[in-house]
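Structural overview for review
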Amino acid sequence: MALALPVHLNIAEEFLGCPAREHPGRIAIAGEPSAATYAEIEAAANRVGNALREWGCERGDRILLVLPDSLEFIAAFFGVVKIGAIAVPVNSFARAADYEYWLADCGARFAIVHATALPEFTGAAQRHRLLETVVVGAAEKGLGHGSFLRWENWLDGASEHLEPYPTAATDPAFFLYTSGSGGTPKGAVHRHQDMVVTSRSFAQGVLGLRAEDITFSVSKLFFAYGLGNGMYFPFSVGASTVLMPEKPKPERVAELVARRHPTAFFSVPTFYAALLREAERGVKLDFSSVRLAVSAGETLPAEIFERFRRRFGIEILDGIGSTEMLHMFLSSRPGKARPGSCGVEVPNYEAKIVDDAGERVPDGELGNLWVRGQSAFAAYWGKPELTARTKLGDWVVTGDKFTRDAEGYYHYGGRADDMMKVSGMWVSPGEVENALLAHPMVAEAAVVAHADSVGLIRAAAYVVLRAGTEAGPHLASEIQQWLRGRLVSYKCPQEIHYLDELPKTATGKIQRFRLREG
């Protein structure tokens, strides 16, 4: 059943403006590094919107956000969309080539960037010729001149009052980038209504989030999963969120859980496994405040589900969502979670499993998962042919293989292509292979997904070396270190295997399935 949605809607007003008027002094960000109220965040967002208007930013302009989880991220995001522009949050730990691609693809005229990302971002910005770049945080001297401007100076004098642009619920509000099978990221265009749909359907309809909750998401705000968990889900009910600007590490997460006492904890299977390893090493983990533990991003192995429940007395609610659908469309329910299953349809979503001709398959039979709901992306930015292949009427083709049992529970069966998820993030084999082939010792390369001892997915590389090169663990370590300078860490293979030749078809295509089987 479709949700009733208003014709006109601006998510800055929906998730920040209205809460700030209803409970201005309530804590919205519990940390880190310090607390901020709803009124304080709205004032900062309004100053951002007014400063952008002073620059000449107009409705529909794309603004690249390269920020860690922080008040500045949230203020920038809502400040952008409040004036009818489009927020484009991206990974603040990425590489120069990534920023160059995103800037060119989305056509951003302005960017708001954290100082820690500047070494990688600056060259891309100069080649793209951005009109203006705002720098958040401590940076090198001289950034107050030319095309770089400090956050504090930029907002100095900007008004804290701003009327929202009268956007329609179906107007574009933000892009979220997701990797493609060929290694080219795709910008999924989301509308103002989409956050409302996922909040009512999953955050409230499944999780039952309420005003007294404190959410903590290990996944970052620039991901679709983290954006809901750590920002607009808690804001939708007037709750608080705990932010962690740095890359997540088990000991730091454990410390924040013990100190901030979150009631709803969101992570990915890989990190749940890391927390269990810490606990089994004798590190004290206090999850006594947590009433909801949610997992997505990759398959949750049954072993991790059971070990976490035995140690902490908490069942992990596994589910599946996508950047294209914005958040969860299948999920386990509190008290009804089953190991090895990602549950049933989220309210207001419909899923079906079909064969290659698009016909439904019987329960128990493996097929292709299609899903539909009102939060589905409008299009891939600038990619109409790919949009047409992914959106078939109301249905979105997920690219995942699934089975559905007789009781309606869904079970993941792998990808329909060669894409893999590592630590909850998409990895394109082609992108990693291209990076490997640039190494002077590598003649050929293939990258596949391998499951570890508990079923978590890791990237493994198979390489054919150039003539005269000596294989060995030292070279493997050198190749891995070389890759880490060119790719974000989760894309770097944890295993390097040497082969005399790669398995191929008669036409020369690499047979990755044989490497996965071997």
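A brief structural summary. The written sequence of each chain sets the order in which its residues are numbered from 1. For a predicted model such as this one, the threshold for reporting local features is a pLDDT of at least 70, and the threshold for listing and counting side-chain atom pairs is 80 or more; totals across whole chains, interfaces and linings nevertheless cover every residue. Hydrogens and waters are ignored; side-chain quantities use all the structure's heavy atoms.

1. What to know about the packing of aromatic side chains
Any two of the Phe, Tyr and Trp rings considered here, Trp counted by its six-membered ring, make a pair once their centres fall within 6.5 Å; the pair's planes then place it as stacked at under 30 degrees, edge-to-face at over 60, or tilted in between. Counted by the stated rule, this structure contains 26 aromatic pairs. Note on Phe175 and Trp381: the rings are 4.9 Å apart at their centroids and 40 degrees apart in plane angle, and the pair reads as tilted. With Phe175 in strand β8 (residues 172-178) and Trp381 in the loop between β19 (379-380) and α12 (384-390), the pair connects residues that are 206 residues apart, well separated along the chain. Each residue is placed in one exposure class: buried if its accessible area under a 1.4 Å probe, protein chains only, is under 20% of its type's maximum, exposed if it is over 50%, and partly exposed if it falls in between. According to the relative accessible area criterion, Phe175 is buried, its value standing at 0%. A relative accessible area of 30% means that Trp381 is categorised as partly exposed. Only runs of H or I of at least four residues qualify as helices and only runs of E of at least two qualify as strands under DSSP, and these elements are numbered from the N terminus.

2. Observations concerning unusual backbone geometry
The residue after Gly31, namely Glu32, is reached through a cis peptide bond having omega 5 degrees. Relative to the helices and strands, Glu32 is located in the loop between β1 (27-31) and β2 (36-37). Here the residue pair Glu32 and Pro33 is connected by a cis peptide bond, since its omega of 0 degrees sits within 30 degrees of zero. Examined against the element boundaries, Pro33 turns out to sit in the loop between β1 and β2. In the Ramachandran plot, Leu326 falls in the positive-phi region, its phi being about 80 degrees despite a non-glycine side chain. Here Leu326 is to be found in the loop between β14 (316-321) and β15 (328-331). Phi is positive for Asn348, which is not a glycine, with a value near 75 degrees. Residue position: Asn348 is located in the loop between β16 (344-345) and β17 (350-354). On the basis of relative accessible area, Asn348 is assigned to the partly exposed category, the value being 25%.

3. Some points on the sheet that holds β14
Spatially, the 9 strands line up as an open sheet ordered β2-β1-β11-β10-β12-β13-β14-β15-β16, and their pairing is mixed. The strands lining the two open edges of the sheet, one partner per strand, are β2 and β16. Bridging between strand β10 (residues 214-217) and strand β12 (residues 264-267) involves 3 bridges; their strand directions are parallel. Counted as the bridge partner of Thr215 is Ala264 from β12. Paired strands are those between which DSSP finds at least two bridges.

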